[in-house]
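An overview of the molecular structure
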Amino acid sequence: MHDIKTRDDLLLLMRAFYGRLLADPAISYIFTEIAKIDLEAHLPHLADFWEQTLFYTGGYKKNVLQIHLDLNAKEQLTAQHFEIWLNHFYAATDKNFTGANSERIKTRAASIATVMKIKLSET
């Protein structure tokens, strides 16, 4: 295994991660029934976000908080949803990568989840 170094690595991670999320009935409905994501169309946006977050490159321009506030208005995102999300994120990362960036992306995911929970609870 190697560390996360490129956009292609991020795309591999996002495919593995979303494969796990979409296979978990405790959370998959949020993506399939509520957000109705088209995963192939969504993957480049995910890679843009994580490229910006991890490497400080890329061109992610969307307001990720607003996207989740809008989603929360349709279906309340709970602490349990965030725990499931993080567990799948960690597992997908650990199964595919090892190294400093792999640890950094997990730390950033935890920070993002914490901020999201706080902001969503304020609404």
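All figures in this text were calculated on a predicted structure; none of them were measured in a lab.

**Brief notes about helix α1 (residues 7-22)**
Each α-helix winds once per 3.6 residues, and so residues spaced three or four apart point in a common direction. With 16 residues, α1 should cover 22 Å at 1.5 Å per step; its first-to-last C-alpha distance of 22 Å lies within 8% of that length. Of the positions making up α1, those classed as buried are Asp9, Leu10, Leu11, Leu13, Met14, Phe17, Tyr18 and Leu21. Along its buried surface, α1 packs onto α2 (28-34), α3 (39-55), α5 (79-96) and α6 (100-121). Measuring from the side-chain oxygen of the N-cap residue of α1 to the backbone nitrogen of aspartate 8 gives 3.3 Å; that N-cap residue is threonine 6.

**Regarding the nonpolar core**
Grouped together as the largest cluster of nonpolar side chains are 32 residues, with contacts concentrated most on Leu13, Met14, Phe17, Trp50, Trp85, Phe89 and Ile105. Residue assignment for this core shows that the elements contributing at least two residues are α1, α2, α3, α5 and α6. For this core, the element with the highest residue contribution is α1, accounting for 7 residues. The contacts of leucine 13, once residues within four sequence positions are left out, are Ile4, Phe89, Ala92, Thr93, Phe97 and Ile105.

**Describing the packing of α1 against α3**
Contact geometry for α1 and α3: axes closest at 9 Å, N-to-C directions at 120°. One way to sum up the angle between α1 and α3 is to call them oblique. Crossing angle aside, the handedness with which α1 passes α3 is right-handed. Only Leu39, Glu40, His42, Leu43, Pro44, Leu46, Ala47, Asp48, Trp50, Glu51, Leu54 and Phe55 of α3 make contact with α1, whose side of the interface consists of Arg7, Leu10, Leu11, Met14, Arg15, Tyr18 and Leu22. Along the lines of polarity and charge, the residues of the contact of α1 with α3 split into 13 nonpolar, 1 polar and 5 charged.

**Considering the environment of alanine 110**
Structurally, the position occupied by alanine 110 is in helix α6. Along the backbone, alanine 110 and phenylalanine 89 are 21 residues apart, and their C-alpha atoms lie at a distance of 9.4 Å. If we ignore the near neighbours within four places in the chain, the residues touching alanine 110 are Leu86 and Tyr90.

Criteria and thresholds
Residues numbered from 1 in each chain as written. Predicted model: local features only at pLDDT ≥ 70, side-chain atom pairs only at ≥ 80, totals over all residues. Heavy atoms only, no water. Helix = DSSP H or I, 4+ residues; strand = E, 2+ residues; numbered from the N terminus. Expected span 1.5 Å × (residues − 1). Buried < 20%, exposed > 50% of the residue type's maximum accessible area, 1.4 Å probe, protein only. Contact = heavy atoms within 4.5 Å. Polar contact = N/O pair within 3.5 Å; in protein donor to acceptor, adjacent residues only side chain to side chain. Core = buried A, V, L, I, M, F, W, Y, C linked by side-chain atoms within 4.5 Å. Axes fitted to C-alpha atoms, helices over the stretch in contact; angles between N-to-C directions. Parallel < 35°, antiparallel > 145°, perpendicular 65-115°, else oblique. Left-handed = near helix turned anticlockwise from the far one by under 90°. Nonpolar A, V, L, I, M, F, W, Y, C, P; charged D, E, K, R; others polar.

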